[in-house]
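Okay, here's what each chain looks like letter by letter:
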Amino acid sequence: MPFPEILSRFAIAALLTTCFCVPLGLALLRVTGVPPTYPPLLPQQIVSGTVGGALLVSLGYWLLSALIPDKRTRHAAFLALAIVLCLTSFQLATRLSYTQSPRFAGVTVAAQVGQCVLHTMVVFLSVICFLSEESGWA
């Protein structure tokens, strides 16, 4: 896949995930019982997470496309890697149960589950942008 196409898919993934995750994060901020200044659910942190997540997915696909020429094998490896890394990202939310930082005071299990849902949405939507038929984007 040529670099301009990867760049356009990154832009679409970043925009798509941001459009879905910012409203969801604001809703989670209201219903999870955390303080209104709880950092992981504030819009600026969500935007940095969606753009950063889409960038990591893009870089991962770009690297796999350079290493694995067969599209089916590349897509299978990409999907497996995305699932493993998404599950690994859940530790970011769960470790807030043990932090002593005053920034994360008031963390609830519901907020942690919400953060995991946001991580899953970023990975899922970004992966869809790269697993769609390559010829349809030209």
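Residues numbered from 1 in each chain as written. Predicted model: local features only at pLDDT ≥ 70, side-chain atom pairs only at ≥ 80, totals over all residues. Heavy atoms only, no water.

1. Comments concerning the environment of Leu81
In step 1: Tracing the chain through its elements places Leu81 in helix H3 (residues 71–94).
In step 2: Residue classification places Leu81 among the partly exposed residues on the basis of a relative accessible area of 39%.
In step 3: In this structure the C-alpha to C-alpha distance between Leu81 and Gly60, which are 21 residues apart in sequence, comes to 8.8 Å. (Helix = DSSP H or I, 4+ residues; strand = E, 2+ residues; numbered from the N terminus. Buried < 20%, exposed > 50% of the residue type's maximum accessible area, 1.4 Å probe, protein only.)

2. Examining the pattern of salt bridges
In step 1: All chains considered together, the criterion is met by 1 salt bridge.
In step 2: Note that Glu5 and Arg9 form a salt bridge whose closest N and O atoms lie 2.9 Å from each other. In this pair, Glu5 and Arg9 both sit in helix H1 (residues 3–31), 4 residues apart, roughly one turn of the helix. Arg9 shares its class with Glu5; the two are buried. (Salt bridge = Lys/Arg side-chain N within 4 Å of Asp/Glu carboxyl O.)

3. As for the nonpolar core
In step 1: Ranked by size, the top nonpolar core spans 16 residues in total, and within it Cys21, Leu29, Val34, Tyr38, Leu41 and Leu118 carry the most contacts.
In step 2: Within the residue set of this core, elements represented by two or more residues are H1 and helix H4 (109–131).
In step 3: The biggest single contributor to this core is H4, with 5 residues.
In step 4: For Leu29, the residues in contact, after removing those within four places along its chain, are Val34, Pro35, Pro36, Tyr38, Leu41 and Leu42.
In step 5: Of all hydrophobic cores here, the second largest spans 15 residues; its members include Tyr61, Leu64, Ala82 and Phe130. (Core = buried A, V, L, I, M, F, W, Y, C linked by side-chain atoms within 4.5 Å. Contact = heavy atoms within 4.5 Å.)

4. Examining the packing of aromatic side chains
In step 1: Tallied over the full model, the rule gives 5 aromatic pairs.
In step 2: Ring plane angle 80° and centroid distance 6.4 Å describe the contact between Tyr38 and Phe104, whose orientation is recorded as edge-to-face. With Tyr38 in the loop between H1 and helix H2 (43–67) and Phe104 in the loop between H3 and H4, the pair connects residues that are 66 residues apart, well separated along the chain.
In step 3: A relative accessible area of 17% places Phe104 in the buried class.
In step 4: An aromatic cluster is built from Tyr61, Phe78 and Phe130, whose rings are joined through pairwise contacts. (Phe/Tyr/Trp six-rings, centres within 6.5 Å; stacked < 30°, edge-to-face > 60°.)

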